[in-house]
Amino acid sequence: MIKIEIDDQIRTEIENLHREWFLKKVKTIIKLPRRKISRKKYLSEILKLDENDFENEISPYILGQLDDIKKIISKNTILKGIAKKKNLTKDEKKIKKRTDLIIEAFGYNDFDNRNKTTWGAYKLCEHLKVHVCPYCNRQYTFTIRDEEQDCISRPEMDHFFSKSIYPFLSINLYNLIPSCHICNHIKSDRDNQIIYPYAEEFGKDIVFRAKYKQSDFSQNSSIIDISNVYVFFKNQKSNVLETGKCIHNKQVKAKHSIETFNLEHIYNEHKIELKDLLTRYRNYSKPKIDEITKLIANAQLSTQASDDTVNQVAKIYTKRIKRTILGLPLGAGDKQYPLRKFKEDIIEQLDNTRQKMKDEAKSNK
């Protein structure tokens with residue numbers, strides 16, 4: 001799982017646009033049983049907000065970040081447990097109906113539109129520029145328009161905190177996660193127990209690892225046997241799903257994230273990319289990469305250049321050539337692309353294996 005990064009300028013811009021859109025929308029009338037009432041009045045009554053200070057009191061519901069969201073949830077627990085219940089009591093049916101009215105009052109259906117000019121889901125996705133699903137890091141999530149600026153495609157919007165349980169968070173800016181179709185539809189209601197993409201990520205603590213035979217590293221081996229791919233806590237000696245021991249809160253969330261999105265099962269279907277990566281790594285070992293970089297450096301320098309100069313120039317090219325050989329995008333910088341973390345974690349593992357083999361060879365001499 002990867003973090004959604006937003007710079008301060010973009011954050012200020014989308015918050016202003018979102019707030020302006022909501023306050024304009026909240027003045028309109030919605031249809032309620034037996035009467036018509038303004039959204040503002042209805043939300044003030046339901047959420048027990050001061051109508052005279054409505055703009056300030058409603059702000060956490062539409063722009064509040066994680067701490068604000070948790071405070072809101074702690075005060076509104078009435079819907080928990082009945083959102084997906086089939087046989088509802090009379091009172092529960094009233095509550096469920098009120099859920100739909102709250103969502104309508106907040107204006108989520110108006111926000112989830114294909115309009116090319118007004119603020120809504122398309123515009124938000126364009127501003128966020130989340131090009132890869134933050135949950136699985138496998139699918140592109142581009143927002144696309146045609147030449148006439150008509151909306152063609154955008155990421156699906158996952159409610160991190162389900163709108164069926166927390167309708168008052170249905171348009172909270174930081175409750176909307178641009179995601180791929182698969183992740184949006186397999187995510188369970190254990191949503192507050194997984195890693196929250198606006199603030200957290202797997203990072204370097206939680207890594208992908210592959211199980212393969214060290215003998216496969218030999219260039220004389222014609223078989224590459226990858227038995228499994230798993231997600232590993234770097235400071236533990238075994239897979240978290242096998243140990244069942246999660247001490248830190250991040251590990252608990254990571255465990256639930258791995259289970260919720262079936263990450264180990266899904267990434268085990270990417271063995272063709274993994275085998276390709278291992279084959280490239282094995283056939284183009286570091287000595288070969290060094291040899292190629294020195295040839296390039298020598299070609300760009302005079303034949304009289306010192307070895308130190310050649311080595312310094314070679315260092316500049318080494319990283320770029322390694323990425324090229326391993327089939328990784330050049331010039332990506334911090335930008336995300338599908339399977340990035342997966343591939344970079346496996347390359348780190350291969351580097352460690354190579355170093356281990358080198359150390360073992362030295363000790364055996």
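Here, the structure is the one placed above.
Definitions and limits used
- Residues numbered from 1 in each chain as written.
- Predicted model: local features only at pLDDT ≥ 70, side-chain atom pairs only at ≥ 80, totals over all residues.
- Heavy atoms only, no water.
- Helix = DSSP H or I, 4+ residues; strand = E, 2+ residues; numbered from the N terminus.
- Buried < 20%, exposed > 50% of the residue type's maximum accessible area, 1.4 Å probe, protein only.
- Contact = heavy atoms within 4.5 Å.
- Areas by Shrake-Rupley, 256 points an atom, 1.4 Å probe, with all protein chains shown as cover.
- Phe/Tyr/Trp six-rings, centres within 6.5 Å; stacked < 30°, edge-to-face > 60°.
- Expected span 1.5 Å × (residues − 1).
- Polar contact = N/O pair within 3.5 Å; in protein donor to acceptor, adjacent residues only side chain to side chain.
- Salt bridge = Lys/Arg side-chain N within 4 Å of Asp/Glu carboxyl O.
- Core = buried A, V, L, I, M, F, W, Y, C linked by side-chain atoms within 4.5 Å.
- Axes fitted to C-alpha atoms, helices over the stretch in contact; angles between N-to-C directions.
- Parallel < 35°, antiparallel > 145°, perpendicular 65-115°, else oblique.
- Left-handed = near helix turned anticlockwise from the far one by under 90°.
- Patch = residues over 30% accessible without salt bridge, like charges linked within 9 Å, V, L, I, M, F, W, Y side chains within 5 Å.
- Lys, Arg positive; Asp, Glu negative; His and termini not counted.

Participant: Give me the overall build of the protein: which residues, what numbers.
Facilitator: Broken down by element type, the protein carries 15 helices and eight strands. The burial tally for the protein puts 46% of its 365 residues in the buried class. Looking at the protein alone, contacts between residues at least 24 apart form 66% of all its contacts between residues at least 6 apart. For the protein, the exposed surface amounts to about 20600 Å²; the carbon and sulfur share of it is 48%.

Participant: If you had to explain the packing of aromatic side chains to someone new, which residues and values would you point to?
Facilitator: Inspection of every chain in the model, using the stated rule, returns 14 aromatic pairs. With 4.7 Å between their ring centres and 15 degrees between their planes, Tyr140 and Phe142 make a pair best called stacked. What makes Tyr140 partly exposed here is its relative accessible area of 47%. An aromatic cluster of at least three residues, connected via ring pairs, comprises Phe160, Phe161, Tyr166, Phe168, Tyr174, Tyr196 and Tyr198.

Participant: Describe helix 1 (residues 8–25), and please don't skip the residues or the numbers.
Facilitator: A turn of α-helix holds 3.6 residues, and therefore any two residues three or four places apart point the same way. Between its first and last C-alpha, helix 1 extends 26 Å over 18 residues, near the 26 Å set by a 1.5 Å rise per residue. By the burial criterion, the buried members of helix 1 are Ile14, His18, Trp21, Phe22 and Leu23. Looking at where helix 1 begins, the residue whose side-chain oxygen comes 3.1 Å from the main-chain nitrogen of Gln9 is Asp7.

Participant: Outline the pattern of salt bridges, supporting the account with residue identities and numerical values.
Facilitator: This structure, assessed with the given rule, holds 13 salt bridges. The salt bridge partner of Lys25 is Asp110, with a shortest N-O separation of 3.9 Å. Remark: Asp110 occurs in helix 6 (residues 108–111) and Lys25 occurs in helix 1; sequence separation between them is 85 residues. Because the salt bridges share partners, they merge into one network encompassing Lys25, Arg39 and Asp110.

Participant: Give me the nonpolar core: which residues, what numbers.
Facilitator: Phe22, Leu47, Phe106, Phe111, Leu124, Tyr135 and Phe202 are the most contacted members of the largest nonpolar core, which has 84 residues in total. The contact partners of Phe22, leaving out residues within four places of it in the chain, are Leu43, Phe54, Ile58, Ile62, Phe106 and Ile171.

Participant: Kindly report on helix 10 (residues 249–260), identifying the contributing residues and their values.
Facilitator: End to end, helix 10 covers 16 Å across 12 residues, agreeing with the expected 16 Å (1.5 Å per residue, within 8%). All buried positions along helix 10 are accounted for by Gln251, Lys253, Ala254, Lys255, His256, Ser257, Ile258 and Thr260. Immediately downstream of helix 10, the backbone of Asn262 shows phi near 50 degrees, a positive value.

Participant: Give a detailed account of the packing of helix 12 (residues 271–283) against helix 15 (residues 340–364), specifying residues and quantitative values.
Facilitator: Orientation of helix 12 relative to helix 15, taken along the N-to-C sense of each, is 40 degrees, at an axis distance of 11 Å. As the angle between them shows, helix 12 and helix 15 are arranged oblique. Helix-helix and strand crossings are classified by hand; for helix 12 and helix 15 the assignment is right-handed. Residues Leu274, Leu277, Leu278, Tyr281 and Arg282 of helix 12 form the contact with helix 15, whose participating residues are Phe342, Lys343, Ile346, Ile347, Leu350, Asp351 and Arg354.

Participant: I'd like a rundown of a nonpolar patch on the surface, residues and numbers included.
Facilitator: A cluster of nonpolar residues, Tyr140, Phe142, Ile144 and Ile152, forms a patch on the protein surface that exposes about 380 Å² of accessible area. With respect to the secondary-structure elements, Ile152 resides in strand 4 (residues 151–153).

Participant: Lay out the packing of helix 2 (residues 39–47) against helix 3 (residues 54–63) in plain terms, naming residues and giving numbers.
Facilitator: Two numbers describe how helix 2 lies on helix 3: the axes approach to 12 Å, and their chain directions differ by 70 degrees. Taken together, the axis directions place helix 2 and helix 3 in an arrangement best described as roughly perpendicular. In the packing of helix 2 onto helix 3, the handedness of the crossing is left-handed. In contact with Lys40, Leu43, Ser44 and Leu47 of helix 2, helix 3 contributes Phe54, Ile58 and Tyr61.

Participant: Mind laying out the side chain of Lys343, listing which residues take part and the relevant values?
Facilitator: Turning to its location among the elements, Lys343 is positioned in helix 15. As a buried residue without a salt bridge, Lys343 has its nearest oppositely charged side chain in Asp276, at a separation of 6.2 Å. In contact with Lys343, not counting residues within four places along its chain, are Leu277 and Leu328.

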